[in-house]
Amino acid sequence: MIIVQKNTIKEAMPVFSPQAIESWRDDLIALQIQSKIHWNYPLKRFNTLKVGGNAACLINVLNHFDLSKILPFINRHKLSWFVLGKGSNLIVPDSGWPGIVLRLAGDFKYWKPDELVHQVKVGSGLADATFAQKCIPLGWTGLEFLIGIPGSIGGAIAMNAGAHGGEVSDFLSKVWWMDMDGNHHEAKGESLDFAYRYSPLNGKNGTVITDALFQLKRSNSEMVRANVEKYQKFRFEKQPQNLPNCGSVFKNPPQGYAGRLIESVGLKGYRIGNAQISEKHSNFIVNLGDASAQDIIDLMTLAQKKVREAYQIELVSEVQVLSF
Ligand SMILES: Cc1cc2nc3c(=O)[nH]c(=O)nc-3n(C[C@H](O)[C@H](O)[C@H](O)COP(=O)(O)OP(=O)(O)OC[C@H]3O[C@@H](n4cnc5c(N)ncnc54)[C@H](O)[C@@H]3O)c2cc1C
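Conventions we followed
- Residues numbered from 1 in each chain as written.
- Predicted model: local features only at pLDDT ≥ 70, side-chain atom pairs only at ≥ 80, totals over all residues.
- Helix = DSSP H or I, 4+ residues; strand = E, 2+ residues; numbered from the N terminus.
- Rg over C-alpha atoms; globule rule 2.2 N^0.38 Å.
- Buried ≥ 20, exposed ≤ 12 C-beta atoms within 10 Å, placed from the backbone.
- Contact = placed C-beta atoms within 7 Å.
- Domains from an automatic or database assignment.
- Near = placed C-beta within 6 Å.
- Nonpolar A, V, L, I, M, F, W, Y, C, P; charged D, E, K, R; others polar.
- Axes fitted to C-alpha atoms, helices over the stretch in contact; angles between N-to-C directions.
- Parallel < 35°, antiparallel > 145°, perpendicular 65-115°, else oblique.
- Pairing = 2+ DSSP bridges.
- Expected span 1.5 Å × (residues − 1).
- Arc of directions from axis to C-beta.

**Some words on the overall build of the protein**
Then comes step 1: Looking only at helices and strands, the protein has 7 helices and 18 strands in total.
Then comes step 2: Taking 324 residues into account, the globule formula puts the C-alpha radius of gyration at 20 Å, and the protein, at 20 Å, falls close to it.
Then comes step 3: In terms of overall dimensions, the protein has a C-alpha envelope of 55 × 55 × 30 Å along the principal axes.
Then comes step 4: The 324 residues of the protein split such that 43% are buried.
Then comes step 5: Considering only contacts within the protein whose residues lie at least 6 apart along the sequence, 69% involve residues at least 24 apart.

**Some details on the domain arrangement of the protein**
Then comes step 1: Domain parsing of the protein yields domain 1 (18–106), domain 2 (110–237) and domain 3 (243–321).
Then comes step 2: Its C-alpha centre places domain 1 at a distance of 24 Å from the equivalent point of domain 2.
Then comes step 3: Each partner contributes residues to the interface: domain 1 has 18 residues there, and domain 2 has 17 residues.
Then comes step 4: Breaking the side of domain 1 that touches domain 2 down by element, the ones donating at least two residues are helix 2 (64–77), strand 3 (81–84) and strand 5 (97–104).
Then comes step 5: With 8 residues, helix 2 is the largest single contributor of residues to the side of domain 1 that touches domain 2.

**Considerations on the site of the ligand**
Then comes step 1: Taken together, 37 residues sit near the ligand, with Gly 85, Gly 151, Gly 154, Gly 155 and Gly 247 positioned nearest.
Then comes step 2: Put simply, the parts of the chain that give the shell around the ligand at least two residues each are strand 3, helix 4 (153–159), strand 9 (162–163) and strand 13 (207–215).
Then comes step 3: Counting residues per element, the shell around the ligand draws most heavily on helix 4, which supplies 5 residues.
Then comes step 4: Split by residue class, the shell around the ligand holds 16 nonpolar, 18 polar and 3 charged.

**Side note on the packing of helix 3 (residues 128–138) against helix 5 (residues 221–238)**
Then comes step 1: For the pair helix 3 and helix 5, interaxial distance at closest approach is 7 Å and the crossing angle is 150°. Relative to helix 5, the element helix 3 lies roughly antiparallel. Where helix 3 abuts helix 5, its residues Ala 132, Cys 135, Ile 136 and Pro 137 lie against Ser 221, Val 224, Arg 225 and Val 228.
Then comes step 2: When grouped by side-chain class, the residues that make up the contact of helix 3 with helix 5 number 6 nonpolar, 1 polar and 1 charged.

**Quick notes on unusual backbone geometry**
Then comes step 1: With a phi close to 50°, Asn 40 is a non-glycine residue in the positive phi region.
Then comes step 2: You can call Asn 40 partly exposed: it has 15 C-beta atoms within 10 Å.
Then comes step 3: Despite not being glycine, Asn 160 shows a phi value in the positive range, around 45°.
Then comes step 4: Tracing the backbone shows Asn 160 in the loop between helix 4 and strand 9.

**What to know about the sheet that holds strand 17 (residues 285–287)**
Then comes step 1: Reading across from one edge, 15-16-17 is the order of the 3 strands in this open sheet, with antiparallel pairing throughout. The open sheet has two edge strands with one neighbour each: strand 15 (271–272) and strand 17.
Then comes step 2: Relative to strand 16 (residues 275–277), strand 15 is paired through 2 bridges, and the arrangement is antiparallel. Residue pairing in the sheet places Ile 272 in a bridge with Ala 275 of strand 16.
Then comes step 3: With respect to the sheet, helix 7 (residues 293–311) is in contact with strand 15, strand 16 and strand 17, its orientation differing from that of strand 16 by roughly 30°.

**Here we look at the sheet that holds strand 3**
Then comes step 1: The 4 strands are arranged 1-2-5-3 in an open sheet whose pairing can be described as mixed. Both outer strands of the open sheet, strand 1 (36–42) and strand 3, are each paired with one neighbouring strand and no more. Adjacent strand axes in the sheet meet at a mean angle of 25°, parallel and antiparallel pairs treated alike.
Then comes step 2: Contacting strand 2 (54–61), strand 3 and strand 5, helix 2 runs over the sheet at an angle of about 150° to strand 2.

**Quick look at helix 2**
Note: α-helices contain 3.6 residues per turn, so residues at a spacing of three or four share the same orientation.
Then comes step 1: Taking 1.5 Å per residue as the helical rise, helix 2 with its 14 residues ought to reach 20 Å, and the 20 Å between its terminal C-alpha atoms agrees with that figure.
Then comes step 2: Burial in helix 2 covers these residues: Asp 66, Leu 67, Ile 70 and Leu 71. Buried positions in helix 2, seen along its axis, are confined to an arc of 125° and lie on one side of it.
Then comes step 3: Buried residues along helix 2 sit in contact with strand 2, strand 5, strand 11 (172–179) and strand 13.
Then comes step 4: Following helix 2 by one or two positions, Lys 78 adopts a phi angle in the positive range, close to 50°.

Okay, here's the thing in structure tokens:
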């Protein structure tokens, strides 16, 4: 879990210089991977808050073989790195990212169902909403809530995403990941210590989730479709639409809902720069246009302070605030 600290990002060192990249650029090219390497790439495009600077290097990783070469390379060069899903739960520093960002594409987006036993094996780059949609004609129930989560399956497992009383780990039969030496691992879902928006396999622990097997329950298409539509309607009514955001900013504390606490200390609609605590849902921060990552972090810090002072409750960040 990342605790938000004020000024983490403002005080960060300059991100990268051509000289800094030169020390590893040629070695990376020499790996001769098929995956596309982008230099100095804007990360704003790849997070739902639409904030942050450029990555020194972003790699669209196409297959397991390339990944098994890239991770040991990162390890050898001691580079700062992270694995990006769909960026729907991330705050990327305004100053950018000095090392490598991995984005799982190509072979990581497959969907391979076994209709007899209502199981499906998927690549971790598959979109959550695609997963939910594919369950409709099959009449498979359990993960309909994924329709409203704009992330990837890898991100959903890494965050143990959930909604409407369910969590991804409830249906996870098996998961595969790679470590920083490029070794493959697998485990049964039930053997891993998942918790509320926590998974031991989050990339920040040096693990990249590559594949997953889910066990769904048999229902019928009409019922599954009805659930999907109900959840979509709920989102439309309760959550901000059409403004960049990252979903719930804070985890709900045991004492209640983070949104209600933030609203009760008078912060609903409060703005810092172009970041605003949503008028529709106080546990959402929206980007009104060109907000900085720092504006968002400052708003988070303010909400934490006010709630702490009023209730002695510590709001813990759900969104992953990246720092290097
Ligand atoms: C409008 C909106 C609504 C949302 N609603 C919900 C909700 O109802 N419930 C909920 O739980 N969340 C919700 N979220 C938050 C977010 O969508 C989820 O946490 C989602 O699972 C993140 O997936 P991602 O692919 O975007 O991950 P990212 O945001 O890209 O990454 C999140 C974390 O996961 C790690 N990660 C990503 N992929 C991998 C991988 N393959 N291997 C290892 N680590 C990985 C990243 O390094 C990072 O630490 C919402 C967000 C938005 C914008």
